[in-house]
Amino acid sequence: MMQIAILGFGVVGSGTAEVLAENKKLITAHCGDEVSVKYILDLREFPDHPLGDRVVHDINVILNDPEVVLVAEMMGGSHPAYEFSAAALKAGKHVVTSNKEVIANFGVELLALARENHVCYLFEASVGGGIPIIRPMQTDLASNQILAVSGILNGTTNFILTKMKNEGAEFAEVLKEAQAKGYAEANPAADVEGLDAARKIVILAALAYGVLIDPKTIPTEGITKITGLHTATADKLGGAVKLIGHTEKIDGKIYAGVSPYFVPASNPISHVDDVFNGILVDTNMLGRALFYGAGAGKLPTASAVVADIIDVLSRRAEERRLPEWKNASAADVAQKGDYACRRCYVIDGCPKCAEKAKTALGADGFETVADGKFAIISRVMSEQEAEAAIAATGVSVVFCLPVLD
Ligand code: HSE
């Protein structure tokens, strides 16, 4: 019997217990022995749960029990999840987590602690919910240089954008539904303001480039300013508005950011709807790979946590595979203004203004998207260059979205 502890018995924590119970036979076969949940750490009691008698309220009970070989941290938030994870690693216990906030803020320190203590620290469930993305980036794509990673990384906002597009639903109403389904963060502002996606893209950037950028410092815009005009424009141009986390290298520096994009129908990401996430990894040998699946929710996310548990307990996750990251300094990070892509400008005015904007942006043409509103898609330009070009025309810009080709 291999004893583990679950920290945090919310949506993902209780889902992890469910996956372990439901798939017990195959998990035992993978691990070579039965996996048993000896403790559940939570502030609450769960008297009606079959594992209700395992609940403890003091982390030291877990830390001081030599039978516990692995701790699955699913508390959410930075504190005390970071302190508990660090203490577990120091106590020689493997840690697996779904907690993107902790990885994004303390990944460098916790991975170093894991190495020092000869244990594993795995975090497959932290990005993309149940989608395998962390392990494939570390293993299957190891022979490639990563040119860029672009993804729909937040299920809640994708669920909201999809319902707004297909059903014309109200933002607040759809958010409530996402919360009820267990997709949203405890504070859903983290979803709709793009902070959750920012944490996830810095984790993917660190996997790609070995440098962990503070998620609070990257350009981050959520979906709260998305209107019917954005959706109508995307419809007219053929594609969708999606909240995208993107990272790439610009002149040897790392750019990472989150914002709504116009994604043309030719990009498979434009068809990733509802709570699903889709992550495109552009590489120099394989080319483009798409990772797709349920990006949030109890059992999908828990399945990724349990995959890490199996990886550790079956001894497939060797210490040597832990990534060695460093924290970013200002010199490592590219400026937002240098990020080059095509951009979709919607301007207010007359066809003559649209003609002017079209010429300035090196566009092929323009589309009328509403009365007196025209959409122009620029050639590939840095943000700085595009903004200067449009400002010089004097036309009135309603909004501008980067385009994900
Ligand atoms: N709130 C997150 C989302 C949960 O909606 O994607 C999964 O990280």
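Residues numbered from 1 in each chain as written. Predicted model: local features only at pLDDT ≥ 70, side-chain atom pairs only at ≥ 80, totals over all residues. Heavy atoms only, no water.

Draft legend 1. Spatial organisation of the state of the cysteines. Considering all chains together, one arrives at zero disulfides under this definition. With no disulfide of its own, Cys120 has Cys31 as its nearest cysteine by sulfur position, at a separation of 13 Å. By relative accessible area, which is 3% here, Cys120 ends up buried. Cysteine Cys341 remains unbridged, with the sulfur of Cys400 as its closest cysteine sulfur at 7.8 Å. (Disulfide = S-S within 2.5 Å. Buried < 20%, exposed > 50% of the residue type's maximum accessible area, 1.4 Å probe, protein only.)

Draft legend 2. Structural detail: the packing of aromatic side chains. Enumeration according to the criterion identifies eight aromatic pairs in this entry. Geometrically, the ring pair formed by Tyr255 and Tyr339 is stacked, given 4.6 Å between the ring centres and 10° between the ring planes. One end of the pair, Tyr255, is in strand S10 (residues 253–264); the other, Tyr339, is in the loop between strand S13 (326–327) and strand S14 (340–341), and 84 residues separate them in sequence. By relative accessible area, which is 5% here, Tyr339 ends up buried. For the pair Phe276 and Tyr292, a centre-to-centre distance of 5.2 Å together with 15° between the ring planes defines the contact as stacked. Placement of the pair is Phe276 in strand S11 (residues 276–283) and Tyr292 in strand S12 (residues 288–294), with a sequence separation of 16 residues. (Phe/Tyr/Trp six-rings, centres within 6.5 Å; stacked < 30°, edge-to-face > 60°. Helix = DSSP H or I, 4+ residues; strand = E, 2+ residues; numbered from the N terminus.)

Draft legend 3. Quick look at the site of the ligand. As a structural note, the neighbourhood of the ligand is formed by Lys100, Asn154, Gly155, Thr156, Tyr183, Ala184, Glu185, Asp191, Asp196, Lys200, Gly295 and Ala296. One of the side-chain nitrogen or oxygen atoms of Lys100 is found 2.6 Å away from an oxygen atom of the ligand. Within the side chain of Asp191, a nitrogen or oxygen atom sits 2.7 Å from a nitrogen atom of the ligand. The cavity where the ligand resides is the largest pocket. Partitioned by chemical class, the residues of the shell around the ligand number three nonpolar, four polar and five charged. (Near = heavy atom within 4 Å. Polar contact = N/O pair within 3.5 Å; in protein donor to acceptor, adjacent residues only side chain to side chain. 1 Å grid on protein atoms, 1.4 Å probe; cavity = no way out; pocket = protein on both sides within 12 Å on 5 of 7 lines; lining within 4 Å. Sits in = over half its atoms within 2 Å of the grid points. Nonpolar A, V, L, I, M, F, W, Y, C, P; charged D, E, K, R; others polar.)

Draft legend 4. Structural view of the sheet that holds strand S7 (residues 146–152). Here we have five strands laid out as an open sheet, ordered S10-S9-S7-S11-S12, and antiparallel in their pairing. Looking at strand neighbours, the two that pair on one side only are S10 and S12, the edges of this open sheet. Strand-to-strand twist in this sheet, taken as the mean axis angle between neighbours without regard to direction, amounts to 20°. For strand S9 (residues 239–250) and S10, the ladder comprises 12 bridges, and the chain directions are antiparallel. Paired with Gly245 across the bridge in S10 is Val258. The sheet strands contacting helix H11 (residues 228–237) are S9 and S10, and the helix crosses S9 at an angle near 85°. (Pairing = 2+ DSSP bridges. Axes fitted to C-alpha atoms, helices over the stretch in contact; angles between N-to-C directions. Contact = heavy atoms within 4.5 Å.)

Draft legend 5. Highlighting unusual backbone geometry. Residue Pro80 is reached from His79 by a cis peptide bond, and omega for that bond is 5°. Positionally, Pro80 belongs in the loop between strand S4 (68–73) and helix H4 (81–90). Phi angles above zero are rare outside glycine, and His118 is one such case at about 55°. Here Asp251, not a glycine, exhibits a phi torsion of approximately 50°, which is positive. The residue Asp251 is located in the loop between S9 and S10 in this model. Judged by its relative accessible area of 79%, Asp251 is exposed.

Draft legend 6. Molecular detail of the domain arrangement of the protein chain. As assigned here, the protein chain comprises domain 1 (2–129 + 299–327), domain 2 (135–294) and domain 3 (340–402). Put simply, the middle of domain 1 and the middle of domain 2, counted by C-alpha atoms, are 26 Å apart. If you look at the interface, domain 1 gives 25 residues, while domain 2 gives 25 residues. Carbon and sulfur atoms make up 59% of the surface buried where domain 1 meets domain 2, a total of about 1,900 Å² over both sides. Considering only the side of domain 1, the residues that lose the most area to domain 2 are Lys100, Val127 and Trp325, jointly responsible for 31% of the buried surface there. With a shortest N-O distance of 3.2 Å, Lys100 and Asp196 are connected by a salt bridge. Those elements that place two or more of their residues in the side of domain 1 that touches domain 2 are helix H5 (100–116), helix H12 (298–313) and S13. Top contributing element to the side of domain 1 that touches domain 2 by residue count: H5, with seven residues. (Domains from an automatic or database assignment. Buried area = accessible area lost by both parts, 1.4 Å probe. Salt bridge = Lys/Arg side-chain N within 4 Å of Asp/Glu carboxyl O.)

Draft legend 7. Quick peek at the packing of H5 against helix H10 (residues 195–209). Where H5 meets H10, the axes come as close as 9 Å, and the angle between the chain directions of the two elements is 50°. On the basis of their axis angle, the class for H5 and H10 is oblique. In terms of crossing hand, the pair formed by H5 and H10 is left-handed. Taken together, the residues of H10 that come into contact with H5 (itself represented by Lys100, Glu101, Ile103 and Ala104) are Asp196, Arg199, Lys200, Val202 and Ile203. Classifying every residue of the contact of H5 with H10 by side-chain character gives four nonpolar, no polar and five charged. (Parallel < 35°, antiparallel > 145°, perpendicular 65-115°, else oblique. Left-handed = near helix turned anticlockwise from the far one by under 90°.)

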